[in-house]
Each structure stands twice: as structure tokens, then as C-alpha cells.
Amino acid sequence: MELTFALRGNILYTPACGRLELRPQQYLVCEKELVAGIFTELPERFRGIPLHDHGDRLILPGLVDLHVHASQYAYRGLGMDMELLDWLEQNAFPEEARFAGMDYADAAYRVFAEELTRSATTRACVFATVHRPATLRLMELLEKAGLRGFVGKLNMDSNCPDYLRETTEGSLAETRRWLEESAGFSGVRPAITPRFIPSCSQRLMDGLGQLRREYGAAMQSHLSENLSEIAWVRQLRPAAPFYGAAYAQPGLFGGECPTVMAHCIWSGEEERALMKERGVFLAHCPQSNMNVSSGIAPVRVWLREGQKAGLGSDVAGGAHLSIFRAMTDAIQCSKLRWRLVDDSLPALTLPEALYLATKGGGAFFGKVGSFEPGYEFDAIVMDDAGLPTTRQCTLAERLERVVWLSDGLPLAKYVAGRRLF
Ligand code: GUN
Ligand code: FE
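Residues numbered from 1 in each chain as written. Chains lettered and ligands numbered in written order. Predicted model: local features only at pLDDT ≥ 70, side-chain atom pairs only at ≥ 80, totals over all residues. Heavy atoms only, no water.

The sheet built from seven strands is open, its strands ordered S3-S2-S1-S4-S14-S15-S16 with mixed pairing. In this open sheet, the two edge strands, each paired with only one partner strand, are strand S3 (34–39) and strand S16 (418–419). Pairing between strand S14 (residues 379–382) and strand S15 (residues 412–415): three bridges, direction antiparallel. Note that in S15 the partner of Val381 across the bridge is Ala412. Its contacts with the sheet place helix H12 (residues 350–362) against strand S1 (4–16), strand S2 (19–31) and strand S4 (51–61), and it is angled at close to 120 degrees to S1. (Pairing = 2+ DSSP bridges. Helix = DSSP H or I, 4+ residues; strand = E, 2+ residues; numbered from the N terminus. Contact = heavy atoms within 4.5 Å. Axes fitted to C-alpha atoms, helices over the stretch in contact; angles between N-to-C directions.)

See the structure below:
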């Protein structure tokens, strides 16, 4: 692998939320997996390093998917005529049961890993199923592909069909074994993944909190997604003052525990205040929120509060793996929220959506999602030659057209300094 090299092309990134930096026809230098800088001329010390000249194409930070279910990829685009809880029973659970068989798991996860590799996504937080061997297979495939991220073996000992339900002890023992077996991975790491509060008994959550502390792992789950789900959680955990408190009580809600929570559409002020205080990431999954009729998240409120936030595809609640699509869905949803719910909350702009898709979500992985010096070198090269127009577009307009109109597949992709294609 080349350790030091330069890309040349039209470089675009968002160093702050809503601030689009444009660097036409410049050099982006990678030094030992990190961004060394952007230069109009290569400095003396970089003269002679390998150069990948991408001509007039657009070079962006790799996109980040903060929430995706690899085990639901096979039925994306199907069964969208239900609300969340019925959708889980009728679509998600039967499909996920198939991952008990390694032949099926291997075939399905191969497809997912190949599609994620082809996409503009360089980092992801991925849900597998309750099955430990299949989860390890998924981690192997993603690591071999050169992608980076977190993968979770799910925990489910309550309120699900027998064919998917674990015993509390079995779930904890399998999670411990999986954490042990994950020790050899580097780019793809394990995240403790209780599916959501209804799937997990109090004893299971307490045990997971203990395991998390022992292994120092990250944590991902669902939070305040759908009104029926939230009402159910209120019944299941009457002592919790709000949904997030049921994760916080066993020590699975930020602070020492790096946490990303999907949806948070209905998170109230108290819940959001705790998320802000503990640095919990909010994964906005607008397409899924529409498909399973969950609602429209108040992303503008999150931004004003300074919450840590990014975007998720939530396949198969979302039908599309593309985070470009998640960006435009987020913009469109925010317009509906402004028009129908609260006209004091202006819609998201494209640079804000790009920030969420790159540096916003990327922060969950460290210094990821920007081209500032010291950031991990994740980059995608987008070609807009296949989007003909008679107009002379500025660089910012070309970005806009790529986001709204392209199929989202890059021409070249680099993850932590390694070129995948
Ligand atoms: N809540 C619990 N499980 C799921 C899931 O698989 N998808 C979504 N969107 N929400 C969930
Ligand atoms: Fe989800």
C-alpha cells in the first residue's frame, strides 16, 4: 500500500456545519493514512510522491452511514406498507431468522459487503442478527473489503418470536464469546447492540452494561423512533422517566460508553439534554422514518442544541443504501417539518446535509469525515460527466447535482489511505 500519495481534482468538504469549502483543481495529500493537507502546488517535501490525477472530477470525504441493518439488505424495497412494530414481526424477524444458517448468512452478507463497497460509504455502524457465527462472518467480509466501522451481534431475549429469542444467559454468554472472538479485528470493531428496549429484559441490559465496561466496547441501538414503540417502552419500564433512561440506567448511554442511537424522532427535552451531556450520537434516518410511518425528526433543533448527529440509511426500513439519498431525504423531510409542524425551524441546506453525512457522523469514529490535516484519509471521487446539462455549473452546483441526481456510486474510493478501487 502506498503510504504517501496525492489526489488531484476538485476538492469539496465541510469543516463546519453548513460551511462548504471549495478547492478547485488542487492537491489532497495522504501521509500514513491521514490527510496531510490541501495544496495549490505540491510542497517541496511531497515532490515526486505518487499522484492520482482525477481531472475535473469531484473529490469528497467518504460518506458515513451511522445506522444500517446488513441482515435486512435482502428485502430492501419490499413490505413497506406497515408501521414499525408490524413491519418488524412480518419482515425483519423472519428474514433475520435465516442467519442461523451459515450458508444463507454468507451469501447474504457477501451481497451486502459488495454493495457497501461499491457505494460512497466508507464507514458504517452495522446491525447483524442475534447469531454470533454469522456476525463474525459479516465482520470478516467488511474488514476484508477494507471498510471501517462497528458491527453488532444483536441481543433479544423478550417480546419476539421463539425462533429468534435468546435466553438471557445464552445472549450474554454468546455476546461475551463474540467480544472475545472480535479481538483480532482492527478496522471493524464490535458494538454492543441491544436491539431496542422491548427486545431486552432488565437482567439482559444489566449484563450488557457489565460486558461493555469489561471490554470497553461501543454501543448502538434504537431510541424514540415510533409512537407505538414508545408507549410500549413506557409500559415495560414504568420507572424510567423517559426512554433513554432505560439505556442510561445500565450504563449504556454515552459518557464512557461511545453510543449511537438511531432515530430519536420523539426524544423530548430531558432525553436530548442527557444525550448532549453524555455525547450520545443521533443517527437521523429520514427514509426509514417515512417508510415505517415513524415521523419527522427535528434535526434543526438538534443542530441548534449542538448535538452530535449524522445520517443513517437504516436499510431495510430505508430502501436505499445511498447516503447521498439520505441527504436529500433529510432535506425534504426538514421542509415538511417546517411547513407542517413548526415554521420556526428552517429546512436543512445542502452543506448542512453534507456535513451530517461526513464530519457529523464521522466524529463517531474519531477524526473522520473532513479533509482537515490529521483526519483519516477517507475520500470518494464522483464523476458528473454522466449528468449532462447545457448549463455552465459552478463547483457548488455540480456537487448539488451529484447529490440529487447521481446513482451515488463513486469512481474511486479510499478508506484510511487505502484505495479500494
Ligand atoms: N427497532 C427495533 N428493531 C428495529 C429495526 O430493525 N429497524 C428499525 N427501523 N427500528 C427498529
Ligand atoms: Fe434500525
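Having seen the structure, we can now continue with the description.
Our next topic: the coordination of the iron ion (ligand 2). Here the iron ion (ligand 2) is held by His67 (NE2), His69 (NE2), His222 (NE2) and Asp314 (OD), and the distances to it run 2.0 to 2.3 Å. Around the iron ion (ligand 2) sit four donor atoms, and with donor-metal-donor angles ranging over 88 to 173 degrees the site reads as irregular. Read in sequence order, the donor residues for the iron ion (ligand 2) give the motif H-x1-H-x152-H-x91-D. Taking relative accessible area as the criterion, His67 reaches 1% and is therefore assigned buried. (Donors = N, O, S within 2.8 Å, 3.2 Å for Na, K, Ca; no water. Tetrahedral: all angles 85-135°; square planar, octahedral: opposite > 155°, others 65-115°. Buried < 20%, exposed > 50% of the residue type's maximum accessible area, 1.4 Å probe, protein only.)

Now for helix H3 (residues 132–145). Because the α-helix completes a turn every 3.6 residues, residues three or four places apart line up on one side. The end-to-end C-alpha separation of H3 is 20 Å, in line with the 20 Å expected for 14 residues at 1.5 Å each. Where burial is concerned, most of H3 is hidden: 10 out of the 14 residues are buried. Listed as buried for H3 are Arg132, Ala134, Thr135, Leu136, Arg137, Leu138, Met139, Leu141, Leu142 and Ala145. Of the surrounding elements, those touching the buried residues of H3 are helix H2 (102–118), strand S6 (121–127), strand S7 (148–152), helix H4 (168–181) and strand S9 (188–194). (Expected span 1.5 Å × (residues − 1).)

Quick look at the environment of Glu229 now. Locating Glu229 in the fold gives a position in helix H6 (residues 227–236). When its relative accessible area of 0% is taken as the criterion, Glu229 is described as buried. With 203 residues separating them in the primary sequence, Glu229 and Gln26 have C-alpha atoms 50 Å apart. Excluding its chain neighbours within four sequence positions, the residues that come into contact with Glu229 are Leu84, Leu85, Phe196, Ser224 and Tyr243. Within polar-contact distance, the side chain of Glu229 engages the backbone nitrogen of Asn226 at 2.8 Å. (Polar contact = N/O pair within 3.5 Å; in protein donor to acceptor, adjacent residues only side chain to side chain.)

The omega torsion across Val315 and Ala316 is 10 degrees, close enough to zero to call that bond cis. Within the element layout of this structure, Ala316 appears in the loop between strand S13 (308–311) and helix H11 (323–341). Phi angles above zero are rare outside glycine, and Glu33 is one such case at about 75 degrees. Along the polypeptide, Glu33 turns up in the loop between S2 and S3.

Another aspect to go through is the packing of H11 against helix H13 (residues 395–405). H13 packs onto H11 with a crossing angle of 95 degrees between their chain directions and a minimal axis gap of 7 Å. Between H11 and H13, the crossing angle belongs to the class labelled roughly perpendicular. Contacts between H11 and H13 involve Phe324, Met327, Thr328, Ile331 and Gln332 on the former and, on the latter, Val402, Val403 and Trp404. The class makeup of the residues in the contact of H11 with H13 is six nonpolar, two polar and no charged. (Parallel < 35°, antiparallel > 145°, perpendicular 65-115°, else oblique. Nonpolar A, V, L, I, M, F, W, Y, C, P; charged D, E, K, R; others polar.)

In this section: the site of ligand 1. In the neighbourhood of ligand 1, the contacting residues comprise His69, Gln72, Leu84, Trp87, Leu88, Arg195, Phe196, His222, Glu225, His263, Ser288 and Asp314. Note that an oxygen atom of ligand 1 is positioned 2.9 Å from one of the side-chain N or O atoms of Gln72. Between a nitrogen atom of ligand 1 and a side-chain N or O atom of Glu225, the distance comes to 2.8 Å. Ranked by residues supplied to the shell around ligand 1, first place goes to helix H1 (residues 84–97) with three residues. Here the shell around ligand 1 is composed, by residue class, of four nonpolar, five polar and three charged. (Near = heavy atom within 4 Å.)

A few words on the nonpolar core. Counting 102 residues, the largest nonpolar core has Phe112, Leu142, Tyr247 and Phe324 as its most contacted members. Each residue touching Phe324, except ones within four places of it in the same chain, is listed here: Leu60, Leu63, Ala120, Ile380, Met382, Val402, Val403 and Gly408. Counting 16 residues, the second-largest nonpolar core is a separate cluster that includes Ile11, Tyr13, Ile59 and Phe371. (Core = buried A, V, L, I, M, F, W, Y, C linked by side-chain atoms within 4.5 Å.)

Read these as spatial facts, not as claims about activity.
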